[in-house]
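Report on the structure
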Amino acid sequence: MPALTELSAYPIVQAPMAGGASNPTLAAAVSDAGGLGFLAAGYKTPAAMYEEIKQVRSLTSHPFGMNLFMPQPATADRSAVECYAEQLAGEAAWYDTPLGDPESGNDDAYDAKLAILLDNPVPVVSFTFGCPDRETLDALAAAGTVTVVTVTSAAEALAAQYAGADAVCVQGVEAGGHQGTHRDAPELDSAGVGLLALVPQVREAVQLPVIAAGGLMRGDQIASVLAVGADAAQLGTAFLVTPESGANALHKRAITDPVFTHTELTRAFSGRPARGLVNRFMREHGPYAPAAYPQVHHLTSPLRKAAAAAGDAQAMALWAGQGHRLARDLPAARLVELLVSELDAARGAMAARTGSGSAL
């Protein structure tokens, strides 16, 4: 089984973005360009996941990855979800669509997806919202798959190492989309750690390769996380705006639209903390959304689809990292090429300063 760093020519990973942004075209383009492309199984049926795997294989011979969401414990307060549904009744009336069924399932068909990945192995499988047990990770390793666990703390990284993961994806609080915490603890919603502080903590805690994720948009930022101990950098928002991305056109435009001034973490759309561009829906409903994932995700799904169909970005989940203003509308391969050029220039500048005795 190859090491993580042997899977791509460059230390650049395209983040798996559930909800449609990650697709076979994007993953293949990134992998062909020397990065590591990723698909996202989240919210897809097992059959749809397998179909995307086949499509990527038809588009590239280079390694790629698949991301799975871990099943969630049944800890949500049903009465809190019902109360939130009542609050959203006006939204349902406005968009002329019923709310979704919050009890549509907690496991995202995890077992069926895992079975497919064991029968038809892909080069890399990563996990979000928790850590699989050793038996699962060992089975994937036996199939020749490199396993990566998303972590947001040194303690989670230690748990991943103990379980037998091959690498960790260290997610800073700057990251767009969901925070991949192993336990959804509302009291810790404001306790996220920045990437440049978090990577060294994880680096000192575990003996595993580290992929750094969170707000990265430029090659010099990649150089910075590599300098503090990461082996590779994962970028999501940077690739979300590429032509190959399957993200909604409204979402792509919003990333650099001055109407959207900043990002925040919110539970408004899914019941789990996720970073997105602040819009009307987030402002009006975020303060009242319960800690209930994926119940709230199921509840709001029809609203988000209806808003997108109506061309209304103010009620869509516009996931974006803190570096969204630096997004560049470039083909994925060209973006990888530019990031590598910027990374090389940054490394050269660091070496020159070090060689001359200047402080970094």
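Structure's up top.
Residues numbered from 1 in each chain as written. Predicted model: local features only at pLDDT ≥ 70, side-chain atom pairs only at ≥ 80, totals over all residues. Heavy atoms only, no water.

Strand order in the open sheet formed by eight strands is E1-E9-E8-E6-E5-E4-E3-E2, and the pairing between neighbours is parallel. The strands lining the two open edges of the sheet, one partner per strand, are strand E1 (12-14) and strand E2 (37-40). Each adjacent strand pair in this sheet contributes to an overall mean axis angle of 25 degrees, direction not counted. Taken together, the four bridges between strand E4 (residues 124-128) and strand E5 (residues 146-151) define a ladder with parallel strand orientation. Its bridge partner lying in E5, Val-125 is registered against Thr-147. (Pairing = 2+ DSSP bridges. Helix = DSSP H or I, 4+ residues; strand = E, 2+ residues; numbered from the N terminus. Axes fitted to C-alpha atoms, helices over the stretch in contact; angles between N-to-C directions.)

So, on to helix H11 (residues 249-256). For H11, the complete set of buried residues consists of Leu-250, His-251, Lys-252, Ala-254 and Ile-255. In the core, the buried residues of H11 are packed alongside helix H10 (237-240), strand E11 (274-277) and helix H13 (295-309). Measuring from the side-chain oxygen of the N-cap residue of H11 to the backbone nitrogen of Leu-250 gives 2.7 Å; that N-cap residue is Asn-248. (Buried < 20%, exposed > 50% of the residue type's maximum accessible area, 1.4 Å probe, protein only. Contact = heavy atoms within 4.5 Å. Polar contact = N/O pair within 3.5 Å; in protein donor to acceptor, adjacent residues only side chain to side chain.)

Looking now at a negative patch on the surface. On the surface, a cluster of negative charge is contributed by Asp-77, Glu-82, Glu-86, Asp-101 and Glu-103. In this structure, Asp-77 sits in the loop between strand E3 (64-69) and helix H3 (78-87). (Patch = residues over 30% accessible without salt bridge, like charges linked within 9 Å, V, L, I, M, F, W, Y side chains within 5 Å. Areas by Shrake-Rupley, 256 points an atom, 1.4 Å probe, with all protein chains shown as cover. Salt bridge = Lys/Arg side-chain N within 4 Å of Asp/Glu carboxyl O. Lys, Arg positive; Asp, Glu negative; His and termini not counted. Charge placed at Lys NZ, Arg CZ, Asp CG, Glu CD.)

Every buried residue of helix H6 (residues 134-142) is listed here: Thr-136, Leu-137 and Leu-140. For H6, the buried positions fall inside an angular range of 95 degrees around the axis, keeping them on one side. For H6, exposure combined with an orientation more than 90 degrees from the buried face picks out Glu-135 and Ala-142. In this structure, the buried residues of H6 make contact with helix H5 (110-119), E4, E5 and helix H7 (154-163). Phi turns positive, to about 90 degrees, at Gly-144, one or two residues after H6. (Arc of directions from axis to C-beta.)

Let us look at the packing of helix H9 (residues 219-227) against helix H14 (residues 332-355). Contact geometry for H9 and H14: axes closest at 7 Å, N-to-C directions at 55 degrees. Judged by the inter-axis angle, H9 sits oblique to H14. With respect to the hand of their crossing, H9 and H14 are arranged in right-handed fashion. Across from Gly-219, Asp-220, Ile-222, Ala-223, Ser-224 and Leu-226 in H9, the residues of H14 making contact are Leu-339, Glu-342, Leu-343, Ala-346, Arg-347 and Met-350. For the contact of H9 with H14, the residue count by class is seven nonpolar, two polar and three charged. (Parallel < 35°, antiparallel > 145°, perpendicular 65-115°, else oblique. Left-handed = near helix turned anticlockwise from the far one by under 90°. Nonpolar A, V, L, I, M, F, W, Y, C, P; charged D, E, K, R; others polar.)

Strand order in the open sheet made by the three strands is E7-E11-E10, with antiparallel pairing throughout. The two strands at the open ends of the sheet, each matched to only one other strand, are strand E7 (177-178) and strand E10 (263-266). Pairing of E7 with E11 involves two bridges; the strand directions are antiparallel. Counterpart to Gly-177 in the pairing with E11 is Arg-275.

Glancing now at the packing of aromatic side chains. Scanning all chains against the criterion turns up five aromatic pairs. Taking 4.8 Å as the distance between ring centres and 40 degrees as the angle between the ring planes, the aromatic pair formed by Phe-69 and Phe-129 counts as tilted. Here Phe-69 is found in strand E3, whereas its partner Phe-129 is found in the loop between E4 and H6, with 60 residues between them in sequence. Accessibility assignment for this pair places Phe-69 and Phe-129 in one class, buried. Each ring, one from Phe-269 and one from Phe-281, has its centre 4.9 Å from the other, and the planes form 20 degrees; the classification is stacked. (Phe/Tyr/Trp six-rings, centres within 6.5 Å; stacked < 30°, edge-to-face > 60°.)

Of the pairings in the sheet, the one linking E10 to E11 comprises four bridges and is antiparallel in character. Directly across from Thr-263, in E11, lies its bridge partner Leu-277.

So, on to the layout of surface pockets. Quantified by volume, the second largest pocket comes out at close to 360 Å³. In terms of lining, the second largest pocket is formed by 19 residues, of which the most central are Thr-152, Thr-181, Leu-188, Ala-191 and Gly-192. Grouping the amino acids of the lining of the second largest pocket by side-chain chemistry returns eight nonpolar, seven polar and four charged. (1 Å grid on protein atoms, 1.4 Å probe; cavity = no way out; pocket = protein on both sides within 12 Å on 5 of 7 lines; lining within 4 Å. Points joined across faces, edges and corners; volume = space filled by probe spheres on them.)

A word on the nonpolar core. Ranked by internal contacts, the top residues of the largest apolar core, which has 94 residues, are Leu-68, Phe-127, Val-168, Val-170, Leu-235 and Phe-239. For this core, the leading source of residues is H14, giving seven residues. Those residues in contact with Val-168 that sit more than four places away from it in its chain are Val-148, Val-149, Val-151, Ala-157, Ala-160, Val-202, Leu-208, Pro-209, Val-210 and Ile-211. Core analysis: the second largest hydrophobic core is formed by 13 residues, Leu-4, Val-13, Val-148 and Ala-167 among them. (Core = buried A, V, L, I, M, F, W, Y, C linked by side-chain atoms within 4.5 Å.)

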